[in-house]
Amino acid sequence: MILGKVIGTVWATRKDDQLKGMKLQLVREIDEDGKDKSRVVVCVDSVGAGVGEVVLFAQGSSARQTELTRNKPVDAVITAIVDKLDTP
Amino acid sequence: MILGKVIGTVWATRKDDQLKGMKLQLVREIDEDGKDKSRVVVCVDSVGAGVGEVVLFAQGSSARQTELTRNKPVDAVITAIVDKLDTP
Amino acid sequence: MILGKVIGTVWATRKDDQLKGMKLQLVREIDEDGKDKSRVVVCVDSVGAGVGEVVLFAQGSSARQTELTRNKPVDAVITAIVDKLDTP
Amino acid sequence: MILGKVIGTVWATRKDDQLKGMKLQLVREIDEDGKDKSRVVVCVDSVGAGVGEVVLFAQGSSARQTELTRNKPVDAVITAIVDKLDTP
Amino acid sequence: MILGKVIGTVWATRKDDQLKGMKLQLVREIDEDGKDKSRVVVCVDSVGAGVGEVVLFAQGSSARQTELTRNKPVDAVITAIVDKLDTP
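Attention in this report is confined to the structure presented alongside it. (Residues numbered from 1 in each chain as written. Chains lettered and ligands numbered in written order. Predicted model: local features only at pLDDT ≥ 70, side-chain atom pairs only at ≥ 80, totals over all residues. Heavy atoms only, no water.)

## With respect to the relation of the copies chain C and chain B
Here's step 1: If you rotate chain C by 72 degrees and push it 0.0 Å along the axis, it lands on chain B with an RMSD of 0.0 Å. These values place the two chain copies in the arrangement generated by a five-fold rotation axis.
Here's step 2: Taken together, the interface assignments show that only 4% of the residues at the interface of chain C recur at the interface of chain B, consistent with different surfaces on the two copies. (Least-squares fit on C-alpha atoms with pLDDT ≥ 70 in both. Contact = heavy atoms within 4.5 Å.)

## Overview of the pattern of salt bridges
Here's step 1: The final tally for this structure, using the stated rule, is 30 salt bridges over all chains.
Here's step 2: Arg 28 of chain A serves as the salt-bridge partner of Glu 32 of chain B, at 2.2 Å between the closest nitrogen and oxygen. Residue Glu 32 of chain B is located in the loop between β2 (24-30) and β3 (36-45), and its partner Arg 28 of chain A is located in strand β2 (residues 24-30); the two belong to separate chains. Both residues of the pair, Glu 32 of chain B and Arg 28 of chain A, count as buried.
Here's step 3: Arg 39 of chain B is paired through a salt bridge with Glu 29 of chain B; the nearest N and O atoms lie 2.6 Å apart. One end of the pair, Arg 39 of chain B, is in strand β3; the other, Glu 29 of chain B, is in strand β2, with 10 residues separating them in the sequence. (Salt bridge = Lys/Arg side-chain N within 4 Å of Asp/Glu carboxyl O. Helix = DSSP H or I, 4+ residues; strand = E, 2+ residues; numbered from the N terminus. Buried < 20%, exposed > 50% of the residue type's maximum accessible area, 1.4 Å probe, protein only.)

## Points about the interface of chain C and chain B
Interfaces are often described in size by the accessible area the parts lose on coming together.
Here's step 1: The partner chain B presents 31 residues to the 27 residues of chain C that form the contact.
Here's step 2: Both sides of the chain C and chain B interface together cover about 2200 Å² of buried area, and 50% of this is carbon and sulfur.
Here's step 3: Taken together, the links from chain C to chain B amount to 2 salt bridges.
Here's step 4: The salt bridge partner of Glu 53 of chain C is Arg 14 of chain B, with a shortest N-O separation of 3.2 Å.
Here's step 5: On the surface where chain C and chain B come into contact, there are 15 residue pairs in polar contact (both at pLDDT 80 or more).
Here's step 6: Grouping the constituent residues of the side of chain C that touches chain B by class yields 12 nonpolar, 8 polar and 7 charged.
Here's step 7: Bridge count for strand β1 (residues 2-11) of chain B against strand β6 (residues 84-86) of chain C is 3 bridges, and the pairing is antiparallel. Paired with Trp 11 of chain B across the two strands is Lys 84 of chain C, which belongs to β6 of chain C. (Buried area = accessible area lost by both parts, 1.4 Å probe. Polar contact = N/O pair within 3.5 Å; in protein donor to acceptor, adjacent residues only side chain to side chain. Nonpolar A, V, L, I, M, F, W, Y, C, P; charged D, E, K, R; others polar. Pairing = 2+ DSSP bridges.)

## Looking at the relation of the copies chain D and chain A
Here's step 1: For the pair chain D and chain A, the relating rotation is 72 degrees, the translation along its axis is 0.0 Å, and the fit reaches an RMSD of 0.0 Å.
Here's step 2: In this assembly, only 3% of the residues forming the interface of chain D have copies in chain A that are likewise at the interface, indicating a heterologous arrangement.

## Some words on unusual backbone geometry
Here's step 1: Residue Asn 71 of chain C is not a glycine yet carries a positive backbone phi of 65 degrees.
Here's step 2: Looking at the element boundaries, Asn 71 of chain C is found in the loop between β4 (54-59) and β5 (76-81).

## What about the environment of Phe 57 of chain B?
Here's step 1: The residue Phe 57 of chain B is located in strand β4 (residues 54-59) in this model.
Here's step 2: Sequence separation of Phe 57 of chain B and Met 1 of chain B is 56 residues, and the distance between their C-alpha atoms is 5.4 Å.
Here's step 3: Discounting chain neighbours no more than four positions away, the residues touching Phe 57 of chain B are Asp 75 of chain A together with Met 1, Ile 2, Leu 3, Gly 4, Val 27, Glu 29, Val 41, Cys 43, Val 77, Ile 78 and Thr 79 of chain B.

## Quick look at the interface of chain D and chain A
Here's step 1: Listed per partner, the contact involves 31 residues of chain D and 27 residues of chain A.
Here's step 2: Across the chain D/chain A interface, buried area totals approximately 2300 Å², and carbon plus sulfur atoms make up 50% of it.
Here's step 3: Taken as a group, Trp 11, Arg 14 and Asp 75 of chain D account for 27% of the area that chain D buries against chain A, more than any other trio of residues on that side.
Here's step 4: Along the contact surface separating chain D from chain A lie 2 salt bridges.
Here's step 5: Those elements that provide at least two residues to the side of chain D that touches chain A are β1 (2-11), β2 (24-30) and β3 (36-45) of chain D.
Here's step 6: Counting residues per element, the side of chain D that touches chain A draws most heavily on β3 of chain D, which supplies 6 residues.
Here's step 7: The residue makeup of the side of chain D that touches chain A, split by class, is 15 nonpolar, 8 polar and 8 charged.

## So, the nonpolar core
Here's step 1: Grouped together as the largest cluster of nonpolar side chains are 100 residues, with contacts concentrated most on Leu 56 of chain A, Leu 56 of chain B, Leu 56 of chain C, Leu 56 of chain D together with Leu 56 of chain E.
Here's step 2: In this structure, Leu 56 of chain C is in contact with Val 10, Leu 24 and Val 42 of chain B together with Met 1, Ile 2, Leu 3, Val 77, Ile 78, Thr 79, Ala 80 and Val 82 of chain C, ignoring residues within four places of it in sequence.
Here's step 3: One finds Ile 78 and Ile 81 of chain A, Ile 2 of chain C together with Ala 76 of chain E within the second-largest nonpolar core, a separate group that totals 60 residues. (Core = buried A, V, L, I, M, F, W, Y, C linked by side-chain atoms within 4.5 Å.)

As structure tokens, this is what we get:
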């Protein structure tokens, strides 16, 4: 999984039927110090993350292993909201 | 999924039989401000996007989870046309 | 899929049995203007592309969805020979 | 697989149910000389690696082929602790 | 598949049970002229390649399509030893 920060939401009326009802979040990759990276990914949200929250997201076929995304054309999903990074 | 902009169409007469009848769109990755990135991907279009439209596309095995692309040798598919990015 | 240009052929006598009889083409990624990119991928050829031709290739598990490559340890396959890019 | 070094642990209370009980390690990619690379990945740990240890991790669907991660939304897993790199 | 050169071997006593008995080779990506690239991948070897040999390796789920790696947490496998690149 990759660390990211939710920076916004994507609105799309015309979309594949299987995406209906899914919240699509804009997630910017960040490093372990919380600094922005350049890549931004659109993720389905399976945990209810809000803008500004630090999250983990899974990509590829693993993004289809949540109840919400199974067998859907989804290649990125938020799977956790990060409380703390412990880097001794 | 990744944000992109449709910039054109690919014409190919000689192709794998399973691609017959599929519209192949040239999609340039863009960032969350709509600025061009360098990567261009050829996507099958499952939603009827036109040149100039901002879209989401899914990659990898997830690109085969639409009705149009199931079990096909397709690794990128347009799954939504973006109305708006809401980045508060 | 990604745009590429066939630049040569790979010869390999010692290989996994499942690759026997497959033509292995060296394909350089190109951009939408036909300019070379730095990445070169070795693709199985399912459409009979020759050196110098512009092609599309699929990667990952999608590369195993052609008749030739099904269930084989192949992660890149040429699926089309490009006639024309239409970028209005 | 990729070489990495465990640099910390991720704490997350709110997460997909299927991640419950899994240890999530922050792993920095390193090169074959042990030098840091910029990419940091969050991996599930299937071998009990501690902070500072050099490890191998697998990504993508292959990360779901351990007993711990099967069918879970996990795209990176530590599969070995490296004793030595033999580069003659 | 990608061109690489075997540069060494990885020793790991503590590892996922499914990796037991597999030879883990350090493979540096090279370009079509044999020049080193910066990326180094750890591959399972299904063809008996030695240090210094030029090889092809497959990644992702395709790396699990050899007899040796089927259903294993392996995301990179050497599938061929290159005799010659023919780039006219």
